[in-house]
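Listed here are the chains, written in short residue letters.
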Amino acid sequence: MKIKYSYLDKLERFEVFVFLQSVINFTEPLLEEMPELFTNKFTELEAAFEAYDDVLEQERRVSPEGLIEAEETRDHAVRKLYSIAKEYSDYPYVKAMEDAADEILKVFKVYGTGSEIARKTQDIETGVIINLLQDLYKTLPRQEAITTLNLQIVCDRLADSNSQFDYKQLTRRKENAKFIAGVVKEARTAVQDVFMAFVDIVNALAIVEGEEKYADLKEFISNLFDEYVVESRRRGKRKDKDVPDEEVPEEEETTVI
């Protein structure tokens with residue numbers, strides 16, 4: 001069994017925090033019997049986690065009410081918009097829907113996938129979403145494509161949450177000009193990168209030294225991560241209550257090992 005982490009980007013920031021805290025707490029008692037490669041990478045993970053904890057605390061102090069929710073809503077909406085189009089791009093049963101999906105994906109090709117857009121720094125993401133929506137409504141065929149796939153409500157939600165985020169971001173800057181926009185997202189990316197490198201080392205050492213030595217750790221991380229993924233998907237379905245259920249799973253996942 002190899003530890004998987006392909007859904008990590010889709011967890012909310014505090015879910016990532018609690019998940020990583022649990023992994024660190026479970027791992028610490030095992031360090032004495034682990035090789036230097038393992039302990040060195042774990043030390044890096046602890047340091048990156050501490051940095052993430054610090055910026056989350058800063059954000060809590062200076063963020064106006066609704067800023068975090070607006071950002072998470074727009075991230076979810078842009079991922080959903082892309083994933084629906086991606087799903088119907090291979091839908092030969094209704095040619096009009098397949099063609100509509102292709103039309104929308106042509107626009108995304110300029111900006112990246114939904115997940116790629118959601119991972120951008122805050123201000124860059126704001127601008128990308130504005131331009132993306134403008135391009136989606138620029139021509140009649142694209143407007144018809146949105147209607148064909150019943151994506152108007154997703155586009156409206158994306159536009160609304162992006163506008164709310166932009167306004168609240170401006171408010172935050174006025175209230176605390178010293179706060180660096182995007183610092184939380186950058187810290188999250190950093191700690192996730194270190195965690196994924198740590199997982200890769202655990203998977204590799206299990207092959208070299210034997211599965212038994214790492215079995216408990218791998219099982220703990222995998223089971224805990226699965227719990228968060230299940231909850232994240234449930235939350236996503238609740239957010240999508242206005243979008244027909246048949247319209248898709250999230251973006252196709254790739255298991256990273």
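Residues numbered from 1 in each chain as written. Predicted model: local features only at pLDDT ≥ 70, side-chain atom pairs only at ≥ 80, totals over all residues. Heavy atoms only, no water.

**Observations concerning unusual backbone geometry**
- Phi is positive for N150, which is not a glycine, with a value near 55°.
- Its location among the elements puts N150 in the loop between α7 (140-148) and α8 (152-175).
- Classification of N150 as partly exposed rests on a relative accessible area of 38%. (Helix = DSSP H or I, 4+ residues; strand = E, 2+ residues; numbered from the N terminus. Buried < 20%, exposed > 50% of the residue type's maximum accessible area, 1.4 Å probe, protein only.)

**Regarding the packing of helix α4 (residues 95-111) against helix α6 (residues 122-136)**
- The N-to-C vectors of α4 and α6 enclose an angle of 150°; their axes lie 10 Å apart at closest approach. Taken as axis vectors, α4 and α6 run roughly antiparallel relative to one another. In the packing of α4 onto α6, the handedness of the crossing is right-handed. Counted together, I104, V107, F108 and Y111 of α4 and V128, N131, L132, D135 and L136 of α6 form the full contact between these two elements.
- Tallied by class, the residues present in the contact of α4 with α6 amount to seven nonpolar, one polar and one charged. (Axes fitted to C-alpha atoms, helices over the stretch in contact; angles between N-to-C directions. Parallel < 35°, antiparallel > 145°, perpendicular 65-115°, else oblique. Left-handed = near helix turned anticlockwise from the far one by under 90°. Contact = heavy atoms within 4.5 Å. Nonpolar A, V, L, I, M, F, W, Y, C, P; charged D, E, K, R; others polar.)

**Let's talk about the packing of α4 against α7**
- Contact pair α4 / α7: the axes reach a minimum separation of 9 Å and the direction vectors enclose 125°. In terms of orientation, α4 and α7 fall into the oblique class. The interaxial crossing formed by α4 with α7 has left-handed handedness. Seen from α4, the contacting residues are A96, M97, A100, E103, I104 and V107; seen from α7, they are P141, R142, A145, I146 and T148.
- Split by residue class, the contact of α4 with α7 holds eight nonpolar, one polar and two charged.

**Looking at helix α1 (residues 13-27)**
- A rise of 1.5 Å per residue sets the reference length of α1, with its 15 residues, at 21 Å; its end C-alpha atoms lie 21 Å apart and thus fit the reference within 8%.
- Of the residues making up α1, those classed as buried are R13, E15, V16, F17, F19, L20, V23, I24 and T27. (Expected span 1.5 Å × (residues − 1).)

**So, the packing of aromatic side chains**
- Inspection of every chain in the model, using the stated rule, returns 11 aromatic pairs.
- An angle of 50° between the planes, with centres 5.5 Å apart, marks the rings of F19 and F225 as tilted. Residue F19 is located in helix α1, and its partner F225 is located in helix α10 (residues 211-239); the two are separated by 206 residues in the primary sequence.
- Look at F19 and you get buried, because its relative accessible area is 0%.
- Relative accessible area serves as the criterion here: at 5%, F225 is assigned to the buried category. (Phe/Tyr/Trp six-rings, centres within 6.5 Å; stacked < 30°, edge-to-face > 60°.)

**Observations regarding the pattern of salt bridges**
- A full pass over the atoms with the stated rule returns 13 salt bridges.
- Measuring nitrogen to oxygen at the nearest pair gives 2.7 Å for the salt bridge that ties K185 to E125. You can see K185 sitting in helix α9 (residues 183-209) and its partner E125 sitting in helix α6, a full 60 residues away along the chain. The exposure classification of K185 matches that of E125, with both residues buried.
- Put simply, K213 and E209 hold a salt bridge, and the shortest N to O gap is 2.9 Å.
- Of the residues examined, K213 reaches a relative accessible area of 32% and is grouped as partly exposed.
- A relative accessible area of 37% places E209 in the partly exposed class. (Salt bridge = Lys/Arg side-chain N within 4 Å of Asp/Glu carboxyl O.)

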